[in-house]
Amino acid sequence: MKTTTPREWAEAAELEAIQPPDTAEHFAGYAVVGVPFGSGHYLAFRRFPTSSVGPGYRAVWLRTPAGQWTIYADAPPELSCARYFGAALARAATAPVNAEWTGPAALTVRVPGVVQWELEFGATWVTRAATATALRFPAALWRRDGVVNAMAAMMGPALGAGRMKLAGIVPNGQSFQARPLRIWAVTRSRAAIGGKDAGTLRPLPGQARLGDFWLPQRGLFAADLGIRYPSTAAPHHIPDHERAAQHHEHH
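Residues numbered from 1 in each chain as written. Predicted model: local features only at pLDDT ≥ 70, side-chain atom pairs only at ≥ 80, totals over all residues. Heavy atoms only, no water.

Draft legend 1. Structural detail: the environment of Tyr229. Among the secondary structure elements, Tyr229 is positioned in strand E14 (residues 220-229). Exposure remark for Tyr229: the relative accessible area of 7% places this residue in the buried category. Measuring from C-alpha to C-alpha, the distance between Tyr229 and Tyr84 comes to 9.0 Å, with 145 residues separating the pair along the chain. (Helix = DSSP H or I, 4+ residues; strand = E, 2+ residues; numbered from the N terminus. Buried < 20%, exposed > 50% of the residue type's maximum accessible area, 1.4 Å probe, protein only.)

Shown next as structure tokens:
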């Protein structure tokens, strides 16, 4: 059967365990790249069943209206998103992150006691065109930063996402290269954050970014997704007070 829906691509990712044969750090899976809400909150979700640095993991990124970021992951910070983005966070927390597909294009994500988030995805002519372009793109060019960022500069406005970059530097100093091959739009989403409604889907007053990674101003879902960190920059040191806070959360 041909794999066509977001859920089918997510399930295929759970079976994929092949690592590219190079020394870069690699992750593969799928992601809700980001969703902005009328309250000023911003949410993103990552599911990488395949990781070259540790076990696969799930993570929820949460931005407050004041612009502070927390990443909740079900793997330690040094083995998950905070390995690369920790320098820009107010907090990196290890916590249960649950994700359940409730339909072919419907996903519910939870961080117990923090986030309850429902999403639906759909294809538009623009997401179909973006997918077709990505699938035709030669494999060798995905590792040429200038080329992929030129493509992203065209795709971002067309998708209504604002500025986009597929390569650059993350807050902890490592270089990144992203390869999203299949794109859908978030057609509906509602979220409760700390028990309060996050409001309707609405772009933030100013587009958020973490290093060279720009968060889309329109909700997007990416599957058949690979992330590569080709640099040898050391992971950012986690301050002692953050380590103490993380230890306290688990005891």
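Draft legend 2. The packing of aromatic side chains, seen in detail. Per the counting criterion, the structure on display carries 20 aromatic pairs. Pairwise contacts between aromatic rings join Tyr30, Phe45, Trp101, Phe121, Trp184 and Phe221 into one cluster. Between Arg46 and the ring centre of Trp61, over which it is positioned, the NZ or CZ distance is 4.3 Å. (Phe/Tyr/Trp six-rings, centres within 6.5 Å; stacked < 30°, edge-to-face > 60°. Lys NZ or Arg CZ within 6 Å of the ring centre and 35° of its normal.)

Draft legend 3. Summary view of the pairing of strand E8 (residues 115-122). Looking at chain direction, strand E7 (residues 106-111) and E8 are connected through 6 bridges and run antiparallel. Bridge pairing in E8 links Val111 to Val115. As paired strands, E8 and strand E10 (residues 175-193) are joined by 8 bridges and run antiparallel to one another. What sits directly across from Glu118, in E10, is Arg190. (Pairing = 2+ DSSP bridges.)

Draft legend 4. View of the packing of helix H3 (residues 125-136) against helix H4 (residues 145-159). Two numbers describe how H3 lies on H4: the axes approach to 10 Å, and their chain directions differ by 165°. Judged by the inter-axis angle, H3 sits roughly antiparallel to H4. Along this stretch, H3 crosses H4, giving a crossing that reads as left-handed. For the pair formed by H3 and H4, the contact residues are Val126, Thr127, Ala130 and Thr133 on the first element and Met151, Met155, Ala158 and Leu159 on the second. Along the lines of polarity and charge, the residues of the contact of H3 with H4 split into 6 nonpolar, 2 polar and no charged. (Axes fitted to C-alpha atoms, helices over the stretch in contact; angles between N-to-C directions. Parallel < 35°, antiparallel > 145°, perpendicular 65-115°, else oblique. Left-handed = near helix turned anticlockwise from the far one by under 90°. Contact = heavy atoms within 4.5 Å. Nonpolar A, V, L, I, M, F, W, Y, C, P; charged D, E, K, R; others polar.)

Draft legend 5. Spotlight on the pattern of salt bridges. A full pass over the atoms with the stated rule returns 8 salt bridges. As a salt-bridge pair, Arg7 and Glu11 come within 3.2 Å of each other at their nearest N and O atoms. With Arg7 and Glu11 both in helix H1 (residues 6-15) and 4 residues apart, the pair spans about one turn of that helix. Residue classification places Glu11 among the partly exposed residues on the basis of a relative accessible area of 41%. Look at the salt bridges and you will find they share partners, linking Glu118, Glu120 and Arg188 into a network. (Salt bridge = Lys/Arg side-chain N within 4 Å of Asp/Glu carboxyl O.)

Draft legend 6. Examining unusual backbone geometry more closely. For Asp224, which is not a glycine, the phi torsion comes out positive at approximately 55°. Residue placement: Asp224 occurs in strand E14.

Draft legend 7. Inspection of the environment of Thr131 at higher detail. Here Thr131 is to be found in helix H3. Placed 52 residues apart in sequence, Thr131 and Ile183 show a C-alpha to C-alpha distance of 5.7 Å. Filtering out sequence-adjacent residues up to four positions away, Thr131 remains in contact with Leu181, Arg182 and Ile183.

Draft legend 8. Spatial organisation of H3. The end-to-end C-alpha distance of H3, which contains 12 residues, comes to 16 Å, matching closely the 16 Å that a straight helix rising 1.5 Å per residue would cover. Along H3, the residues that are buried comprise Val126, Thr127, Ala130, Thr131 and Ala134. Down the axis of H3, the buried side of the element spans an arc of 135°, and every buried residue falls inside it. Of the residues in H3, the exposed ones pointing more than 90 degrees away from the buried face are Trp125, Arg128 and Arg136. The elements touched by buried residues of H3 are E8, H4 and E10. (Expected span 1.5 Å × (residues − 1). Arc of directions from axis to C-beta.)

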